[in-house]
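Structural features, examined
Here are the chains, one letter per residue:
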Amino acid sequence: MDQTFVDREQDRMLKELTEFLAIPSISTLPSHAADCRRAASWAATELRSLGCPVVEIIEGEGNPIVWAESPKIPGKPTVLVYGHYDVQPPDPLDEWHSPPFEPTVRDGKLYARGAVDDKGQVYCLFKAYEAARDGDRQPPLNIHFILEGEEECGGHAIEQLLTSEPERTDVDAVLVCDAGYYAPGIPAVYTALRGICYAEISVRTALSDLHSGLYGGVAPNALETLVRLLSQLKDDTGKINIPKVYKAVIPPAKSELKAWKNLPFKKKQFMEEETTTNTLTGLKEYSVFERLWALPTFDIHGIVGGFVGEGAKTVIPAQASAKVSLRLVPGNVWEKVLKQLDNAVQRLAPEWAEVSVRAIHGADPVQMDVSDPAFKVLDQAFIEVVGQKSVAVRSGGSIPVVTRLGSRGAPVLLTGVGLPDDGLHAPNEKINLDQVWDGVRVFGRFFELLAEREATA
Ligand code: BES
Ligand code: MN
Ligand code: MN
């Protein structure tokens, strides 16, 4: 690949990426369905202009999938490139220093919702492809693109598509660029992702809200009932009160635990720069990495009920609900965990309340074998461009479709150019522009090296 590409095209690239990021493609909010479509067609137009002869916007339930194929070169390997064009909601809005959908550069960093997760990284892959075919050269190998628009809310559409058309994943390697470096200067490939079981717990205690003066003291309160119930789902040590969730866990291999011990990690710095908390929670007998990567979690994301408007209202709420999730690790199966959560909730529910658990989405944990030769090729590209090969780590996050992407035996190279302080899902999400430019170079070089290796094999 022509290593001057990035220097030459930087200004144009920043303009294009800004355009992509300005589309508020928030998949979880139905009011943004049209914006998700606009983001899909922006990507499709881009792939057409990059010279892909096959570009499809595949309609199904929910947001469309974008599929593209580079000009077919028989005898060359095929890489499937995955990414997502949807983003998380931007709130709380007043914490952004510049509006989330008006991408702004400050100090070499591009701030916008989706900057790193995942539009900025998808864009890196587009430009890596463009760089690899710079001018009117053929790209050196076959590249297929698959982009979804529902990753942030469960990945249903792509799951459906790949269940009915699994041959789309019959490729030599899958490249997923939706994660990040282990630390500045240290690229990473991921050996596992946690799964997730996301649900809503609802409580009803009466037909309608009640006057808290007339009935307070005798009538049960749905919000209080919910909060008491939630507080019993995890104890003070951080242990989830659903024993079966732990019994299923397959602990990491000794060698993996040993490798984690050798990773550079400073708890104080981690708290200052990443969590911004003054303590870390969870089971103290396990290391921070074990708690993040190898143990299930239970979190409460939000509670709705009663009166939260301005002023005061003396009411006993008749109903309340909470959004919760468990992160899952190897051994856990999300549908089983959902039943176990339901059982636990019913066991803890007092007889005066009607309590229900409704699944919102789920994904199983996934482990990736990183021994395929394609990983060596990726490392070669990292070494040439950033002077450092990758470390193999896990992530506590989830990407529901990853299991599918590798189900036909192709190695899944999960990596990325994000940095630990990028603020995924948070206000002031950003991507460092130098990481974007390096990403274009790394993945461009990766495509070339992969083509060379296979051609001489
Ligand atoms: N890209 C993230 C997941 C991720 C981040 C993996 C960093 C590895 C390193 C992804 O977009 C994400 O946020 N996924 C959701 C999935 C869920 C809504 C089903 C998550 O983990 O909360
Ligand atoms: Mn992502
Ligand atoms: Mn995300």
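Residues numbered from 1 in each chain as written. Chains lettered and ligands numbered in written order. Predicted model: local features only at pLDDT ≥ 70, side-chain atom pairs only at ≥ 80, totals over all residues. Heavy atoms only, no water.

1. Some thoughts on the overall build of the chain
Definition in use: Strands are runs of DSSP state E lasting at least 2 residues, helices are runs of H or I lasting at least 4, and numbering of each runs from the N terminus. Categorising residues by exposure relies on relative accessible area from a 1.4 Å probe, with only protein chains included: less than 20% of the type maximum marks a residue as buried, more than 50% marks it as exposed, and the intermediate range marks it as partly exposed. We call two residues in contact whenever any of their non-hydrogen atoms come within 4.5 Å of each other. Only four residue types enter the tally: Lys and Arg on the positive side, Asp and Glu on the negative side, with His and both chain ends excluded. Think of each charge as sitting on NZ of Lys, CZ of Arg, CG of Asp or CD of Glu.
Of regular secondary structure, the chain possesses 13 helices and 18 strands. When its C-alpha atoms are laid out on the principal axes, the chain stretches across 80 × 50 × 45 Å. Relative to its full complement of 457 residues, the chain shows a buried share of 55%. Sequence separation of at least 24 residues holds for 79% of the intrachain contacts in the chain that already meet a minimum separation of 6. Positive and negative side-chain charges of the chain, numbering 47 and 63 respectively, have mean locations separated by a distance of 5 Å.

2. A word on the nonpolar core
Selection criterion: Buried Ala, Val, Leu, Ile, Met, Phe, Trp, Tyr and Cys residues that are joined via side-chain atoms within 4.5 Å together make up what is termed a nonpolar core.
Ranked by internal contacts, the top residues of the largest apolar core, which has 66 residues, are F126, F145, L175, F443, F446 and F447. Among the elements that make up this core, the one with the highest residue count is helix 13 (residues 433-456) (11 residues). Setting aside chain neighbours within four positions, we find L175 in contact with V79, L80, V81, Y82, L125, L413, T415, F443, F446 and F447. Core analysis: the second largest hydrophobic core is formed by 35 residues, L193, A294, V393 and L405 among them.

3. As for the packing of aromatic side chains
Two descriptors summarise a pair of aromatic rings, namely the distance from one centre to the other and the angle between the planes of the rings. Filter applied, for reference: Stacked, tilted and edge-to-face are the three classes assigned to paired rings of Phe, Tyr and Trp, where Trp is represented by its six-membered ring and a pair needs centres within 6.5 Å; plane angles under 30 degrees give stacked, over 60 edge-to-face, the rest tilted.
Evaluated as defined, the whole model comprises 10 aromatic pairs. Ring geometry for W260 and W293: centres 5.1 Å apart, planes at 85°, overall edge-to-face. Placement of the pair is W260 in helix 7 (residues 254-261) and W293 in helix 9 (residues 288-293), with a sequence separation of 33 residues. A residue is classified by how much of its surface remains accessible, and W260, at 3% relative accessible area, is buried. Measuring from centroid to centroid gives 4.5 Å for F289 and W293, while their planes differ by 20°, and the two rings are stacked.

4. Considering the coordination of the manganese ion (ligand 2)
Rules: Counted as coordinating are nitrogen, oxygen and sulfur atoms within 2.8 Å of the metal, or 3.2 Å for Na, K and Ca, while water is not included, which may make sites look incomplete. For four-coordinate sites, all angles between 85 and 135 degrees define a tetrahedron; for four- and six-coordinate sites, opposite donors beyond 155 degrees with the remaining angles between 65 and 115 define square planar and octahedral shapes respectively, and all other cases count as irregular.
Coordination sphere of the manganese ion (ligand 2), protein contribution only: H84 (NE2), D117 (OD), D178 (OD) and D178 (OD), at 2.0 to 2.4 Å. Here the manganese ion (ligand 2) is ringed by six donor atoms whose angles at the metal span 57 to 163°, and the overall shape comes out irregular. Metal-to-metal, the separation of the manganese ion (ligand 2) and the manganese ion (ligand 3) is 3.6 Å; D117 coordinates the two. You can see D117 sitting in the loop between strand 5 (109-111) and helix 3 (119-132) and its partner D178 sitting in the loop between strand 7 (173-177) and strand 8 (188-193), a full 61 residues away along the chain.

5. Thoughts on the sheet that holds strand 15 (residues 366-367)
Here is the rule we go by: The criterion for strand pairing is that DSSP finds at least two bridges linking the strands in question.
Reading across the sheet, the three strands line up as 15-8-16 and stay open at both edges, with mixed pairing between neighbours. Only two strands of the sheet have a single partner each, and these edge strands are strand 15 and strand 16 (391-395). The pairing of strand 8 with strand 16 spans five bridges and is classified as parallel. Residue pairing in the sheet places Y190 in a bridge with V393 of strand 16.

6. Let's talk about the coordination of the manganese ion (ligand 3)
Those donors, D117 (OD), E152 (OE), E152 (OE) and H425 (NE2), are the protein atoms that reach the manganese ion (ligand 3), and they lie 2.0 to 2.5 Å from it. Geometry at the manganese ion (ligand 3) is irregular, judged from the six donor atoms that bind it and their angles of 56 to 157° at the metal. Along the chain, the residues that donate to the manganese ion (ligand 3) are spaced as D-x34-E-x272-H.

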